[in-house]
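Chain by chain, the residues:
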Amino acid sequence: MDIQREKQPWYSRYKYHMAAGIIFTVFLVYVVFLSVGPRRLQVDVERIQIAVVKKDKFLEYIDVEGVVQPILTIQVNTREAGSVDYIPGEEGSMLSQGDTILVLSNPDLVRSIEDQRDEWEKQMISYQEKLIEMEQKSLTLQQQALQTDYELTRLRKSYELDKEEYRMGIKSKAQLEVSEDEFNFNVEKAALQREGLRQDSVVTMIRRDLLRNDQERERKKYLRSCERRDDLIVKAPVNGQLSFIKVTPGQMVSSNEAIAEIKILDQFKIHTSLSEYYIDRIVTGLPGTIHYQGSKYPLQISKVVPEVKDRTFDVDLVFTGEIPDNVRIGKSFRVQIELGQPEEALVISRGNFYSTTAGQWVYKLNGTKTKATRVPISIGRQNPQQYEITDGLHLEDYVITTGYDTFGDAQELILK
């Protein structure tokens, strides 16, 4: 006898198909939700850094590496041409002003100096001879004037006697006139001789001055020649360190040729290069600081080179107070150059988010610090430790500052 089986409901027969359909529908809804809603990413809190937005003193400054250089480097040039005889100066040695660096030889110059000395000696002899000649001429003129004065005195007495004899009738009028004419002639002659003697004195003085000037010119010419001989010995113009000599014994050098370099080591400067971004804000006089071994050493910009090379320009700073004990040429220091005075501002600590977001957005934490969401921000000034926030964040907001290179394009971060 057959047993009649109870007919099952339709959904029992299709339950597996229905379960698969439900699972597929849920998966499809999840995929759609992910594509439409914000992209989330789980992040380990221990692998990121969180900073708080706060009010603080903001000082805009540049932190760069500077290299110690001598305050001044002097190039040593030759003044005379010649061949290098010997080099007593050694590279790296400390020199005092006047110390010999090298000695040149120039036989042609030596002969020229000897010829100049001979010419000066001849000039001196000629000067003495002309002085003697002028003295003799003056003596001759003085003797002639003296003789004329004597004759004039004698004729005056004779003329007075003739006038007395003429009144007594002893001499005739013709004899008196002859005596008078002779007396008047000698008076005029004596006057002319005195005038000639006076003019000779004036001419003699002028000739002496001219001769003396000629002699002085020859003397100075000879001394300049001797100075040229002294210039064959190249000496240190200042105290300092002889950094290098670029000539060798026997080498021919020309006048005004650079042959050595001296570094002045009584003071130092810090040389650095800055980005062209700051070229309009960097001027001489701006303060700077070196932090070294727990101490601060003040600096000041002394020179700005406006020429831009490879998107940077050069700046020199000098110490305005104490300097570190172990300063030496070539040593590097971190230099902070201040661009203004400290101001109250809304700031956050620096992080690598800026290189990823260009400062346009940041992940901001919610109140429970379990989730972070992208928010747009505006960044103003910056220094090596802080960013100034001008828009998008408020006081005591918390933001993520690191790890952005691993977040991809996630809109939200779930912190765990």
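The sections below set out a description of the structure shown in this document.

About the criteria used
- Residues numbered from 1 in each chain as written.
- Predicted model: local features only at pLDDT ≥ 70, side-chain atom pairs only at ≥ 80, totals over all residues.
- Heavy atoms only, no water.
- Pairing = 2+ DSSP bridges.
- Helix = DSSP H or I, 4+ residues; strand = E, 2+ residues; numbered from the N terminus.
- Axes fitted to C-alpha atoms, helices over the stretch in contact; angles between N-to-C directions.
- Salt bridge = Lys/Arg side-chain N within 4 Å of Asp/Glu carboxyl O.
- Buried < 20%, exposed > 50% of the residue type's maximum accessible area, 1.4 Å probe, protein only.
- Phe/Tyr/Trp six-rings, centres within 6.5 Å; stacked < 30°, edge-to-face > 60°.
- Lys NZ or Arg CZ within 6 Å of the ring centre and 35° of its normal.

**Observations regarding the sheet that holds strand β21 (residues 398-400)**
Piece 1. Pairing is mixed in the open sheet, where six strands are placed in the order β1-β22-β18-β17-β21-β2. One side of each edge strand has no neighbouring strand; the edge strands of this open sheet are β1 (40-43) and β2 (50-52). Sheet twist, expressed as the mean angle between neighbouring strand axes with direction ignored, is 35 degrees.
Piece 2. Examined bridge by bridge, strand β17 (residues 361-365) and strand β18 (residues 371-376) share five bridges and lie antiparallel to one another. Each residue of the ladder has a partner; that of Trp361, found in β18, is Pro376.

**Quick look at the pattern of salt bridges**
Piece 1. For the structure on display, the rule yields eleven salt bridges.
Piece 2. Across the pair Arg311 and Glu276 runs a salt bridge, and its minimum N-O distance is 3.0 Å. Within this pair, whereas Arg311 is found in the loop between β13 (295-304) and β14 (312-319), its partner Glu276 is found in the loop between β11 (258-275) and β12 (287-292), the two being separated by 35 residues in sequence.
Piece 3. The class for Arg311 is exposed, based on a relative accessible area of 62%.
Piece 4. Put simply, Arg381 and Glu343 hold a salt bridge, and the shortest N to O gap is 3.2 Å. Of this pair, Arg381 sits in strand β19 (residues 378-382) while Glu343 is found in strand β16 (residues 343-349), placing the two residues 38 residues apart along the sequence.
Piece 5. Sharing partners across several salt bridges, the network here consists of Arg40, Lys371 and Glu412.

**Quick word on the pairing of strand β7 (residues 100-105)**
Each regular strand carries side chains that alternate between the two faces of the sheet.
Piece 1. Pairing of strand β5 (residues 82-86) with β7 involves three bridges; the strand directions are antiparallel. Among the inter-strand pairings, Tyr86 is bridged to a residue of β7, identified as Val103.
Piece 2. Note: β7 against strand β8 (residues 233-235), three bridges, orientation antiparallel. In the strand pairing of β8, Val103 is matched with Ile233.

**Digging into the packing of aromatic side chains**
Piece 1. Scanning all chains against the criterion turns up ten aromatic pairs.
Piece 2. Ring centres of Tyr277 and Tyr278 lie 4.9 Å apart, and the angle between their planes is 85 degrees; this geometry places the pair in the edge-to-face category.
Piece 3. A relative accessible area of 62% places Tyr277 in the exposed class.
Piece 4. Arranged with centres 5.1 Å apart and planes meeting at 15 degrees, the rings of Tyr354 and Tyr387 form a pair that is stacked. Of this pair, Tyr354 sits in helix α5 (residues 353-357) while Tyr387 sits in strand β20 (residues 386-391), and the two are 33 residues apart along the sequence.
Piece 5. A relative accessible area of 29% places Tyr354 in the partly exposed class.
Piece 6. Each member of the aromatic cluster is reached from another via a ring pair, and the members are Phe353, Tyr354, Trp361, Tyr363, Tyr387, Tyr404 and Phe407.
Piece 7. Geometry around Phe333 places Lys331 over its ring, the cationic atom sitting 5.5 Å from the centre.
Piece 8. Arg374 extends its terminal NZ or CZ atom over the ring of Trp361, reaching a point 3.8 Å from the ring centre.

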